[in-house]
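Notes for the structure review
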Amino acid sequence: MTGAEIVVDLAAIRHNVDLLRRTAAPAGLMAVVKADGYGHGMVEAARAARGAGSEWIGVATIAEALALRAAGDTGRLLCWLTTPGEDWAAAVAADVDVTIYSEVELDELLAAVGERSARVQIKVDTGLSRGGAPREAWHSVFAAAAAAERAGRLAVTGIWSHFACSDEPEHPANDAQQAAYEDALELARGLGLQPEVRHLANSAAAMLRPSSRFDLVRCGIAVYGCDPAPGRTDLPLRPAMTARAPLAMVKEVAVGASVSYGHTWTADRPTRLGLVPVGYGDGIPRHASNVAEVSVGGVRRPIRGRICMDQLVVDLGEVEARAGDEVILFGPGDHGEPTAQDWAEACGTISYEIVTRIGGRFTRRYVDHEDRP
């Protein structure tokens, strides 16, 4: 091989979407492709998800939604993260469902779209304390949206919220948030709102909390085959991403040779080191220094010394390898290679961060392994 690349298996994405869709049924599925498809490619991930039956696609920003429309996506599409001055008119003209958190956002939307009717969803904060209308504003936001709907200015197509702790099924916040969400739905009904879809469940909740599925589940990380609640789920998801790079150099070192900045690792025996031309400038976590492993020649080998901006060093030990040979940083694990979850555990983070941050000088290539076990 000649350069570092991210290989994305579109068949794996379709497999995961189909599995999640069948698990959540009769609720529908929204495949979330924000942040460039969690590092897998937004347009390609959306196409694969649509091909596997995802009725909805979700993104964070209007810019992401418009990029999908420009790429030819025509299905139901929701975005939810805006700031003052956003191009609401462009989103509505592109047939995107937009999300509001407040009366201020609602007023800005209505002023921007003029006579055109908008499709609007309302996000309520049920305890994550992030985006969404706080409980004390629910009544006023619902009432204002209902008035605009009666006037023909918009259609409220959804009311939704987001869990804080769904990857911990026993956490009391889950019951509290679902109860709060149901309170919001009851209040909305009382004010005349009848949304097309009610959605609360993210990937972990869609898999672990059937009572939270309502009309629609929003699955993000699970679409890409990463477990949203490691050790607690048993769906046979398939990781879609493999990160690989060639060895740039192989060298022998003696006992006492120290490696990379700060000399944080010193050889206690003669060994062979391999230089891999990727680093934190390409999204490789520096926290993986001296703790993560890669696969060389089908054998897991440890990273030695600090990961640098452009390169990292692997202790090859007895593995026979030479410059140009493949190094798999992480993949689906089918052949014993580390997975994104292994890297996450080594770095004290989550698989979401591993797959979304990798990029830089990696190129992205798509495969379609329908015959993969």
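Here we summarise the structure given alongside this text. (Residues numbered from 1 in each chain as written. Predicted model: local features only at pLDDT ≥ 70, side-chain atom pairs only at ≥ 80, totals over all residues. Heavy atoms only, no water.)

A closer look at the pairing of strand E6 (residues 118-123)
Of all six residues in E6, five are buried; the element is thus mostly enclosed. One ladder, built from three bridges, connects strand E5 (residues 98-100) with E6; its direction is parallel. Paired with Val 98 across the strands is Val 120, a residue of E6. As paired strands, E6 and strand E7 (residues 154-160) are joined by six bridges and run parallel to one another. Of the residues in E7, the one forming a bridge with Arg 119 is Ala 155. For the handedness criterion, the β-α-β arrangement of E6, helix H7 (residues 138-150) and E7 is classed as right-handed. (Buried < 20%, exposed > 50% of the residue type's maximum accessible area, 1.4 Å probe, protein only. Helix = DSSP H or I, 4+ residues; strand = E, 2+ residues; numbered from the N terminus. Pairing = 2+ DSSP bridges. Right-handed = clockwise from strand over helix to strand, strands pointing away.)

Details of unusual backbone geometry
Here Ala 25 and Pro 26 are connected by a cis peptide whose omega angle stands at 10°. Within the secondary structure layout, Pro 26 lies in the loop between helix H1 (10-24) and strand E2 (28-32). In the Ramachandran plot, Ser 129 falls in the positive-phi region, its phi being about 60° despite a non-glycine side chain. Residue Ser 129 is classed as exposed on the basis of its relative accessible area, which comes to 62%. Of note in this structure, His 263 is not a glycine but carries a positive phi near 50°. Looking at the element boundaries, His 263 is found in the loop between strand E12 (258-259) and strand E13 (265-266). What makes His 263 exposed here is its relative accessible area of 52%.

Considering the packing of aromatic side chains
Applying the stated criterion to the full structure yields five aromatic pairs. Arranged with centres 5.4 Å apart and planes meeting at 65°, the rings of Trp 80 and Trp 160 form a pair that is edge-to-face. Separated by 80 residues along the polypeptide, Trp 80 in the loop between strand E4 (76-79) and helix H5 (88-93) and Trp 160 in strand E7 bring together distant segments of the chain. Pairing Tyr 181 with Phe 214 gives two aromatic rings, centres 5.1 Å apart and planes at 80°, and the pair type is edge-to-face. Taken together, the positions of Tyr 181 in helix H8 (residues 172-190) and Phe 214 in the loop between helix H9 (203-208) and strand E9 (216-219) put the pair 33 residues apart, joining distant regions of the chain. The two residues Tyr 181 and Phe 214 agree in class, both being buried. The rings of Tyr 38, Tyr 224 and Tyr 352 are connected pair by pair, giving a single aromatic cluster. (Phe/Tyr/Trp six-rings, centres within 6.5 Å; stacked < 30°, edge-to-face > 60°.)

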